[in-house]
Amino acid sequence: MSSMEKETDVVIIGAGISGCATAYNLAKRGTRVVVIDKQGVASEASGRTMAAIRQHGRHPAEMSLMREAIKIWGRLDEELGYETEFVQGGNLIVAEDDKHLERLAEYERLAKEAEVDSRLLTYEEVKKLVPSLEYPVRAALYSPGDGHCNPVKATVGFAKVAEERGARFYSNTVALGIETTAGRVSSVTTDKGEIKTPVVVNAAGIWANRVARMVGLYLPIKVTVSHVGETEPLPPLFKTFLWMPKLSCRQTASGTLRFGGGYLGVRDHYIGLDSFDNLGLWLPRLLRFRRFIRLVFNGSHLWREIRRDFPLGKKDRRLLEFAAGWEPRANNRYLSHQAQILWQRMPGLKGTKIMRTWAGLNGLTADLLPIMGRVEHPDGFFVVCFPSHGFAPGPVTGKLVSELILNGKTSIPIDAFNPMRFYKKKAVAMPSDVL
Ligand SMILES: Cc1cc2nc3c(=O)[nH]c(=O)nc-3n(C[C@H](O)[C@H](O)[C@H](O)COP(=O)(O)OP(=O)(O)OC[C@H]3O[C@@H](n4cnc5c(N)ncnc54)[C@H](O)[C@@H]3O)c2cc1C
C-alpha cells in the first residue's frame, strides 16, 4: 500500500455503498477524497445485502429519494462503465391474507401520492411474473420500475471509478478519532496515521454512532443481524424481487436463488452494553417492535462488548477492538426453515441445494428513517447512515451528500433525515410500522 495522504479535502469513513457513491460524486467534481475502511470495500452490509431496489413499501419521506435513485440505477452501468447486474424486473410485495392486504392497500396509497407506479395484482397476474410460485397468494403489489443488482459489483464499481478520478481508498484502516479546531473538524486519526481535513463524512453504516461519538454526538441506532442463504444455480425462473411476509427471494445473474427474511420477518438483536443505551427513547420502540426483534443472549458477544468498554489491555488495543465491530455467524437453523418456506411456495424447486449462507449486520434508527445531513457542531461533519433498506438509495444518497458538501444544499429535500432531530425530542416520531 502506498503511504497514506497527510492532508485532503474530504475524509470518508466507511467504504460501503454510501461512502463509495459519495466518493464517486465528489471525485467527479474534482474534490480530493480519501476513503478509509476498517476492512475493505463492501465488507459489511453493502456486500451482504439482498440488494432489493424498491420504491414502494417505504416511508413517504424516502419516496422522492428512491424515485431519483431508480433513474440513476437505470443508467449506472453506462455511467460507470461497469457491470452491476442491475435487473429492472420489478418488486412484488405479496399478501397471503386479508391483514397483509390492508398493509398493501396503504403502501399503494402512499406510492400513488408519491407518483410511484405501484399496482395491485391478482394471483393469476403474479403467476405470470413468477411461474414457479405455486402458492395461492391473496394478491401482490407490483412496482415494475424496481429491481435488484449485484451489490458487491455496484459498490466496487463506484469505488473503482472514484479511484480513477483521483479518490484514494485505504482498506484495513480504522478511524480512531476525529480532532476539531475552533469548532471545525481538522483531522482524522487512524491506526495508520493522521489525515488533516476540513470535512469528514461518517458513512460507517451501523457503526455510525461510534464514529459520531468521536465528536461528542449521539445517533440512536440499534444493531440487528439478518441472515441470507443462496442455492445452487438454476435455469432462469423469474426476474422480479419477491417480498413475502415470511420470505424474500430473488434470482441472481448466475442463476442462484438468494433468500432471506420477509417483511414480517424477525431480526436478531444481540444483547450487549449498547442495548441499554438511552433506554427512555428505546424501550417504547422495542416494545412496539417486539414481534420483529428477537433478543439474543450470547456470552461471547457480551464479553467482547465488556472488554471493549472496560479494557484490560493497552489503550490502542481497546480502540481497535472498539472500531473492529464483530463478525456475525449465519443462523443455519433459521435459514433451513426459510428454505422450507421457499420449497412450500415453489414446490417444483424442492431438493435444490443450498450452497452458502451468511449473516450481515443492519439496524434500526429510533424512527426508522435514515440519518443524513450536516450536524450543527462541529462544522465540516456530515453523516450518511441508512442502516436498514439503505442499499437501494445508495447512488442518490452519495449524490446528495456531495451536493451538501460542495453546494451547501441538496437537489432533493433531506430535512426529514437531519441528524440533529434526535436532539429535539418531539421531532423523533414513533414509527408506525416496521418497513
Ligand atoms: C442481510 C441484509 C439484507 C439487506 N437487504 C437489503 C435490501 O434488500 N435492500 C436494501 O436497500 N437494503 C438492504 N439491506 C440494508 C443495506 O445493505 C444497508 O442499508 C446498506 O448497505 C448500508 O450501506 P452503508 O454504506 O451505509 O454501510 P455499510 O455497507 O455497512 O458500510 C459501512 C462501512 O464502514 C466501515 N467502518 C465502520 N466503522 C469504521 C471505522 N471506525 N473506521 C473505518 N471504517 C469503518 C465498515 O467496515 C463498513 O465497510 C440489507 C442488509 C443486510 C445485512
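Okay, so let's go over this structure. Please read all numbers here as calculations on a predicted model, not as lab measurements.

A separate point is the overall build of the protein. Along the protein, the regular secondary structure elements total 12 helices and 21 strands. The C-alpha radius of gyration computed for the protein amounts to 21 Å, which stays within 12% of the reference 22 Å derived for 435 residues, consistent with globular compactness. Based on the C-alpha atoms only, the size of the protein along its principal axes is roughly 65 × 50 × 45 Å. Expressed as a percentage of its 435 residues, the buried residues of the protein come to 58%. Long-range contacts, defined as pairs at least 24 residues apart, comprise 74% of the intrachain contacts of the protein with a sequence gap of at least 6. Surface exposure of the protein reaches about 18,400 Å², of which carbon and sulfur atoms provide 53%. In the protein, 59 positive and 46 negative side-chain charges are present, and the distance between their average locations comes to 4 Å.

What follows is about the pattern of salt bridges. When their charged atoms lie close together, side chains carrying opposite charge are able to pair. In this structure the tally under the stated criterion is 26 salt bridges. With its nearest N and O atoms 2.8 Å apart, the salt bridge here joins Asp268 to Arg294. With Asp268 in strand E17 (residues 267–270) and Arg294 in strand E18 (residues 293–296), this residue pair connects regions lying 26 residues apart in the sequence. Assessed through its relative accessible area of 3%, Asp268 is described here as buried. The exposure class assigned to Arg294 is partly exposed, which follows from its relative accessible area of 35%. Look at the salt bridges and you will find they share partners, linking Arg210, Arg213, Asp274 and Asp277 into a network.

This part is about the pairing of E18. Of the strand pairs in this sheet, E17 and E18 are connected by 4 bridges, and their pairing is parallel. Looking at E18, one finds that His269 is bridged to Leu295. In this fold, the crossover linking E17 to E18 by way of helix H8 (residues 279–288) has right-handed handedness.

This part takes up the packing of aromatic side chains. A full pass over the atoms with the stated rule returns 4 aromatic pairs. Aromatic side chains Trp73 and Phe86 sit 5.9 Å apart centroid to centroid with 20° between the ring planes, which places their arrangement in the stacked category. Taken together, the residues Trp73 in helix H3 (residues 60–80) and Phe86 in the loop between H3 and strand E4 (91–95) connect sequence positions 13 residues apart. Like Trp73, the residue Phe86 is buried in the burial classification. Linked through ring pairs, Trp73, Phe86 and Phe391 together constitute an aromatic cluster. A cation over an aromatic ring shows up here: Arg345 above the ring of Tyr135, its NZ or CZ 3.9 Å from the ring centre.

What follows is about a nonpolar patch on the surface. On the surface, Phe276, Leu279, Leu283 and Leu287 cluster together to form a nonpolar patch covering roughly 390 Å² of accessible area. Here Leu283 shows up in helix H8. A relative accessible area of 45% means that Leu283 is categorised as partly exposed.

Strand order in this open sheet of 3 strands is E9-E10-E11, and the pairing throughout is antiparallel. Only two strands of the sheet have a single partner each, and these edge strands are strand E9 (175–181) and strand E11 (193–196). Each neighbouring strand pair of the sheet contributes to a mean axis angle of 25°, computed without reference to strand direction. Sheet topology note: the strand E10 (residues 184–190)/E11 ladder contains 4 bridges and is antiparallel. Along E11, the bridge assignment pairs Ser187 with Lys196.

It is a general feature of regular strands that their side chains alternate between the two faces of the sheet. By the alternation rule, side chains of strand E16 (residues 257–260) split into Leu257 and Phe259 and Arg258 and Gly260, which are all buried. As paired elements, strand E13 (residues 221–231) and E16 share 2 bridges and run antiparallel to each other. Within E16, the residue paired with Glu230 across the bridge is Arg258.

So, about the nonpolar core. Taken as a class, soluble globular proteins show a tendency for nonpolar side chains to be buried jointly. The biggest cluster of nonpolar side chains holds 50 residues, and the ones touching the most others in it are Ile12, Ile53, Leu65, Trp73 and Val201. Going through the elements one at a time, strand E1 (10–13), helix H1 (17–28), strand E2 (33–36), H3, helix H6 (151–164), strand E12 (199–202), strand E21 (381–385) and helix H12 (394–407) are the ones with two or more residues in this core. Looking at this core, the element that brings in the most residues is H3, giving 9 residues. If sequence neighbours within four positions are ignored, Val201 has contacts with Val10, Val11, Ile12, Ile13, Phe382, Val384, Val401 and Ile405. Ile195, Ala208, Ala212 and Trp282 belong to the second largest nonpolar core, which has 41 residues in total.

Taken together, 40 residues sit near the ligand, with Ser18, Asp37, Ser46, Phe386 and Ala392 positioned nearest. Measuring from an oxygen atom of the ligand, one finds a side-chain N or O atom of Ser46 at 2.6 Å. The backbone of Phe386 places a nitrogen or oxygen atom 2.5 Å from an oxygen atom of the ligand. Alone, the ligand offers 1,000 Å² of accessible surface; in the complex the protein occludes 95% of this. If you list the elements that add at least two residues to the shell around the ligand, you get H1, helix H2 (45–48), E13 and strand E19 (354–365).

Conventions and cut-offs
Residues numbered from 1 in each chain as written. Predicted model: local features only at pLDDT ≥ 70, side-chain atom pairs only at ≥ 80, totals over all residues. Heavy atoms only, no water. Helix = DSSP H or I, 4+ residues; strand = E, 2+ residues; numbered from the N terminus. Rg over C-alpha atoms; globule rule 2.2 N^0.38 Å. Buried < 20%, exposed > 50% of the residue type's maximum accessible area, 1.4 Å probe, protein only. Contact = heavy atoms within 4.5 Å. Areas by Shrake-Rupley, 256 points an atom, 1.4 Å probe, with all protein chains shown as cover. Lys, Arg positive; Asp, Glu negative; His and termini not counted. Charge placed at Lys NZ, Arg CZ, Asp CG, Glu CD. Salt bridge = Lys/Arg side-chain N within 4 Å of Asp/Glu carboxyl O. Pairing = 2+ DSSP bridges. Right-handed = clockwise from strand over helix to strand, strands pointing away. Phe/Tyr/Trp six-rings, centres within 6.5 Å; stacked < 30°, edge-to-face > 60°. Lys NZ or Arg CZ within 6 Å of the ring centre and 35° of its normal. Patch = residues over 30% accessible without salt bridge, like charges linked within 9 Å, V, L, I, M, F, W, Y side chains within 5 Å. Axes fitted to C-alpha atoms, helices over the stretch in contact; angles between N-to-C directions. Core = buried A, V, L, I, M, F, W, Y, C linked by side-chain atoms within 4.5 Å. Near = heavy atom within 4 Å. Polar contact = N/O pair within 3.5 Å; in protein donor to acceptor, adjacent residues only side chain to side chain.

These figures come from the coordinates and say nothing about function on their own.
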